[in-house]
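Analysis of the macromolecular model
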There are 2 protein chains.
Amino acid sequence: MNEIKHIIAVASGKGGVGKSTTAVNIALALAARGLEVGLLDADIYGPSQQLMLGVADGVRPEQQDGQYLIPIQAHGLKTMSMGYLVNERTPMVWRGPMAGGALAQMLEQTLWGKLDFLVIDMPPGTGDIQLTLSQKANVAGAVIVTTPQDIALMDAQKGIEMFRKVDIPILGIVENMAVHICSNCGHAEHIFGAEGGRRIAAEYGVALLGSLPLAMSIREQTDSGRPTVVAEPDSAVSAIFLEIADAIRATLAAGGEGVVREFPAINISDD
Amino acid sequence: MNEIKHIIAVASGKGGVGKSTTAVNIALALAARGLEVGLLDADIYGPSQQLMLGVADGVRPEQQDGQYLIPIQAHGLKTMSMGYLVNERTPMVWRGPMAGGALAQMLEQTLWGKLDFLVIDMPPGTGDIQLTLSQKANVAGAVIVTTPQDIALMDAQKGIEMFRKVDIPILGIVENMAVHICSNCGHAEHIFGAEGGRRIAAEYGVALLGSLPLAMSIREQTDSGRPTVVAEPDSAVSAIFLEIADAIRATLAAGGEGVVREFPAINISDD
């Protein structure tokens, strides 16, 4: 019943680097190009897409034939998340195999219909859920999100190596929180270090898909349920997400991993 | 062979909030008070304490009697981490129960000797490893680290509820990345929102142990293997970690959860 052209995983070795924010904005950028896009929140321990998509607490997906789930429409995306299925305050204290089973169920029993892209917002790390995903889903490629500091890069390397071990191509790196622009004086500060994303991309011979600033606007828009690509479609930040989406499409059309390409210097003003 | 007075867990519902940085600085602050302190890096999927402690890559703990591990001394702490036992680039693609087993082994087979405190840097989330810890270790209490934005708080709530479910008292909340001070103009910007830590502490009736700034110095010191309490013992940031350590000791001495207390206004200058 489902016809999905490309499944892509948005992943990070480490949590807190903005993976979910990046995943939802990439999905919205693909949709802004006129494509049919689904978004699966696979972070079943800490699902955050419901809040980011502005889906009201308590909204539950309808069922069909007692076994299928109808995805929730949000900002033009078809979305599914463990957040829709459990109380937001209840922790998911599950053993790994159970968690993997829940993900497989959400992936396979959701009526996605025809999609050009299904974007999977992966849980951080290199554990059970990633194993299950690699076994169950025919993932066309992975996008690795990282911040530029050494400790995040170390975990990003592990993410890259894990996907390569299970033969999932790396579409490229997204560097997040690359530079903070003071909203008062415009001073650019590399709070989390500089150039880390570019360095790791070069080291592994994969593309740096984009480099995003540490901007209060992105966090505020995300927290309020209207991600940047929807809230400020003409902003510099949205332009970066659209470029990332286009690069992903081009790489998949060419077949294979994202190759190293020259990436323009960061030129962001925080508004 | 081990005599450990208090085991405390430093945890977060969400990754990337500065849990490991907080854990190592709390351990160092307790040591600065003249106590014997151990630090167990329980984030076996993404161990970062080796880098934060400045322990050279390739250093391996010595074994005793073929089954015990001698902890690695670093900045006066006795430390153990999966980072000492595996190659830093190798991802830990393990099933949950195996991961839990590795943690139990590191906890029980390390020759900690006599300790006043063993600080456990927990992996983020509410999965297997937390379950195993609650089953194996006699944890005296948990410190929950969070950033102030809504999405992090949602996960912090889950962390609190998980520990309460397994009857581990909450010693309090540490709010991290609370405010960024521009190094150029001194402008204070609440990039990740304001007052979130205080709000969640009040909601659950637990203590706000401290509120730390988003400062480049903390990230740089951490990445270079000399955490702030060691690198700048007289700084405002170190003073906050010492206060947190003292509050933890006081709470444990009184027996029970950290109670709500008035916390002084944040007054940090980034140097």
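None of these values were measured; they are calculated from a predicted model.

Observations concerning the confidence of the model for chain A
For chain A, mean pLDDT is 86; residues scoring 70 or higher make up 88% of the total. Confidence, expressed as mean pLDDT per element, reaches its minimum in chain A at helix α4 (residues 128-136) of chain A with 72 and its maximum at strand β5 (residues 72-74) of chain A with 98.

A closer look at unusual backbone geometry
Even without being glycine, Glu195(A) reaches a positive phi, approximately 70°. We note that Asp167(B) has phi near 60°; this positive angle belongs to a residue other than glycine. Residue Asp167(B) is classed as exposed on the basis of its relative accessible area, which comes to 67%.

Examining the sheet that holds strand β7 (residues 114-121) of chain A
Within a sheet, each strand pairs with its neighbour through backbone hydrogen bonds, oriented either parallel or antiparallel. Residues and elements named next belong to chain A. Across the sheet, eight strands lie side by side as β5-β6-β2-β7-β1-β8-β9-β12; this open sheet has mixed pairing. Looking at strand neighbours, the two that pair on one side only are β5 and β12 (208-211), the edges of this open sheet. Direction aside, neighbouring strands of the sheet carry axes that sit 25° apart on average. Pairing analysis gives five bridges linking strand β1 (residues 3-11) to strand β8 (residues 139-146), with the strands arranged parallel. Bridged to Ile8 within β8 is Gly141. The sheet contacts of helix α5 (residues 150-165) involve β1, β8 and β9 (170-175), and relative to β8 the element is tilted by about 170°. Where helix α6 (residues 196-204) meets the sheet, it contacts β9 and β12, and its direction lies at approximately 160° from that of β9.

So, the pairing of β8(A)
Successive residues of a regular strand alternate their side chains across the two faces of the sheet. Residue and element names in this part refer to chain A. Along β8, seven of the eight residues are buried, which leaves the element largely enclosed by surrounding structure. Of the strand pairs in this sheet, β8 and β9 are connected by five bridges, and their pairing is parallel. Following the sheet pairing, Val145 is matched in β9 by Val174. For the segment spanning β8, α5 and β9, crossover handedness is right-handed.

Description of the sheet that holds strand β7 (residues 114-121) of chain B
All names here are of chain B. Strand order in the open sheet formed by eight strands is β5-β6-β2-β7-β1-β8-β9-β12, and the pairing between neighbours is mixed. At either end of the open sheet lies a strand with only one pairing partner, and these are β5 (72-74) and β12 (208-211). Mean inter-strand twist for the sheet, computed between neighbouring axes without regard to direction, equals 25°. Two strands pair when backbone bridges link them, and strand β2 (residues 37-41) and strand β6 (residues 77-81) are joined in this way by four bridges, in the parallel orientation. Bridging across to β6, Leu39 finds its partner in Thr79. The strands that helix α1 (residues 19-32) touches are β1 (3-11), β2, β6, β7, β8 (139-146) and β9 (170-175); relative to β7, the one it contacts most, it runs at about 165°. Those strands touched by helix α9 (residues 236-254) are β1, β7, β8, β9 and β12, and its axis lies near 175° from that of β12.

Regarding α6(A)
Residues and elements named next belong to chain A. For α6, the complete set of buried residues consists of Gly196, Gly197, Ile200, Ala201 and Tyr204. One face of α6 carries all of its buried residues, which in axial projection span an arc of 130°. Gly205 sits one or two positions beyond α6 and adopts a positive phi of about 65°.

Examining the packing of α5(A) against α6(A)
All names here are of chain A. Viewed as axis vectors pointing N to C, α5 and α6 meet at an angle of 30°, and their least axial separation amounts to 10 Å. It follows from the interaxial angle that α5 and α6 lie roughly parallel. You can see that α5 and α6 cross each other, and the crossing is right-handed. Contact with α5, carried on its side by Asp150, Leu153, Ala156, Gln157, Ile160, Glu161 and Arg164, involves Gly196, Gly197, Arg199, Ile200, Glu203 and Tyr204 of α6 and no other residues of that element. Here the residues of the contact of α5 with α6 are counted per class, giving five nonpolar, three polar and five charged.

Some words on helix α9 (residues 236-254) of chain A
Under the 1.5 Å per step criterion, the end-to-end length of α9(A) is 27 Å for 19 residues, consistent within 8% with the ideal 27 Å. Every buried residue belonging to α9(A) is among Val237(A), Ser238(A), Ile240(A), Phe241(A), Leu242(A), Ile244(A), Ala245(A), Ala247(A), Ile248(A), Thr251(A) and Leu252(A), and all of these are buried.

Some points on the state of the cysteines
On inspection of all chains with the given rule, the structure shows zero disulfides over all chains. Just so you know, Cys185(A) is unpaired, no disulfide at all, and the nearest cysteine sulfur is the one on Cys185(B), 3.5 Å from it. The exposure class of Cys185(A) is partly exposed, given its relative accessible area of 33%. With no disulfide of its own, Cys182(B) has Cys185(A) as its nearest cysteine by sulfur position, at a separation of 3.7 Å.

Re the packing of α1(B) against α9(B)
A packed helix pair is summarised by two numbers, namely the angle formed by the two axes and the spacing between the axes. All names here are of chain B. The geometry of α1 relative to α9 is characterised by a closest axis approach of 8 Å and an angle of 75° between their N-to-C directions. Of the possible angle classes, the one that applies to α1 and α9 is roughly perpendicular. In this structure, α1 contributes Thr22, Asn25, Ile26, Ala29, Leu30 and Ala32 to the contact, and α9 contributes Phe241, Leu242, Ile244, Ala245, Ile248 and Arg249. Considered class by class, the residues forming the contact of α1 with α9 number nine nonpolar, two polar and one charged.

Brief notes about the pairing of strand β6 (residues 77-81) of chain A
Residues and elements named next belong to chain A. Burial within β6 is extensive, with five of its five residues counted as buried. Direction of pairing for β5 relative to β6: antiparallel, over a ladder of three bridges. Counterpart to Ala74 in the pairing with β6 is Leu77.

Criteria and thresholds
Residues numbered from 1 in each chain as written. Chains lettered and ligands numbered in written order. Predicted model: local features only at pLDDT ≥ 70, side-chain atom pairs only at ≥ 80, totals over all residues. Heavy atoms only, no water. pLDDT = per-residue confidence, 0-100. Helix = DSSP H or I, 4+ residues; strand = E, 2+ residues; numbered from the N terminus. Buried < 20%, exposed > 50% of the residue type's maximum accessible area, 1.4 Å probe, protein only. Pairing = 2+ DSSP bridges. Axes fitted to C-alpha atoms, helices over the stretch in contact; angles between N-to-C directions. Contact = heavy atoms within 4.5 Å. Right-handed = clockwise from strand over helix to strand, strands pointing away. Arc of directions from axis to C-beta. Parallel < 35°, antiparallel > 145°, perpendicular 65-115°, else oblique. Left-handed = near helix turned anticlockwise from the far one by under 90°. Nonpolar A, V, L, I, M, F, W, Y, C, P; charged D, E, K, R; others polar. Expected span 1.5 Å × (residues − 1). Disulfide = S-S within 2.5 Å.

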